[in-house]
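Okay, here's what each chain looks like letter by letter:
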Amino acid sequence: MRPLGWALGSMVAWSFSSALGTDSRWISYLALALALGLLYRAVKSGLRWWLTSYVLTSHRLLVRTGMKSSTDVSIPLEIIEGANLKRLTLMGIVDAAPIVVRVRGQQYILKAVPDAARFSHEIRQAQMNVLATGKGRPQGN
């Protein structure tokens, strides 16, 4: 939702100079610079969201960001204390919401997770399966 806000802000900034009705060039340049800056933030935020993936395996939760497939955050399911869905009213438009994952007193906020209710339920189910079977860690290490 944040990229949409930045994009709308850039449109408002661009139309600001014409709404004033002055022929001052410096106001037009200032509005153009502000619009381009806000548009840059919108594209950057949108790409970050689009290139972030959340992967749930039988042993861990992985959060991958960027073009490369390097794992930024890897959380073993056995140490997760809980996963709660935070509802934001505007996020319902795009069917995405943040999930707060509690791990040993810390909180990780997974931002704008698509179909967040289902994913948070799957995290809790996988965590219960790991704890029930006692197979949280691979053998041999």
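Fair warning: this is a prediction, and the values are worked out from it, not measured in the lab.

Asker: Break down the side chain of Ser120 for me, with residues and values.
Answerer: Tracing the chain through its elements places Ser120 in helix α3 (residues 116-133). With residues up to four places along the chain from it excluded, the contact list for Ser120 reads Ala83, Leu85 and Ile99.

Asker: Can you lay out a nonpolar patch on the surface for me, pointing to particular residues and giving the numbers?
Answerer: Side chains of Tyr29, Leu32, Leu36, Leu39, Val43, Leu47, Trp49 and Trp50 sit close together on the surface and give an oily, nonpolar patch of about 850 Å² of accessible area. Relative to the assigned elements, Val43 resides in helix α2 (residues 25-50).

Asker: Tell me what's going on with the packing of aromatic side chains, and back it up with residues and numbers.
Answerer: Using the criterion set out here, one finds one aromatic pair in the structure. With a centroid separation of 6.3 Å and an interplanar angle of 50°, the aromatic rings of Tyr54 and Phe119 are classed as tilted. Taken together, the positions of Tyr54 in strand β1 (residues 53-56) and Phe119 in helix α3 put the pair 65 residues apart, joining distant regions of the chain. No difference in accessibility class separates Tyr54 from Phe119, as the two residues are buried.

Asker: Before we move on, could you go through the side chain of Thr52 and cite the residues and values that matter?
Answerer: Structurally, Thr52 is set in the loop between α2 and β1. In this view, Thr52 contacts Val63, Arg64 and Thr65; residues no more than four positions away in its chain are not counted.

Asker: Would you mind going over the sheet that holds strand β5 (residues 96-103) in detail, with residue names and values included?
Answerer: With antiparallel pairing, the three strands of this open sheet are ordered in space as β4-β5-β6. With partners counted over all chains shown, the strands left at the sheet margins are β4 (80-85) and β6 (106-114), one partner each. Averaged over all adjacent pairs, the angle separating strand axes in this sheet is 20°, with direction ignored. In this structure, β5 lies alongside β6, joined through seven bridges in antiparallel fashion. The residue of β6 that forms the bridge with Val100 is Ile109. The strands touched by α3 within the sheet are β4, β5 and β6, with β4 carrying the most contacts at an inclination of about 160°.

Analysis parameters
- Residues numbered from 1 in each chain as written.
- Predicted model: local features only at pLDDT ≥ 70, side-chain atom pairs only at ≥ 80, totals over all residues.
- Heavy atoms only, no water.
- Helix = DSSP H or I, 4+ residues; strand = E, 2+ residues; numbered from the N terminus.
- Contact = heavy atoms within 4.5 Å.
- Patch = residues over 30% accessible without salt bridge, like charges linked within 9 Å, V, L, I, M, F, W, Y side chains within 5 Å.
- Areas by Shrake-Rupley, 256 points an atom, 1.4 Å probe, with all protein chains shown as cover.
- Salt bridge = Lys/Arg side-chain N within 4 Å of Asp/Glu carboxyl O.
- Phe/Tyr/Trp six-rings, centres within 6.5 Å; stacked < 30°, edge-to-face > 60°.
- Buried < 20%, exposed > 50% of the residue type's maximum accessible area, 1.4 Å probe, protein only.
- Pairing = 2+ DSSP bridges.
- Axes fitted to C-alpha atoms, helices over the stretch in contact; angles between N-to-C directions.

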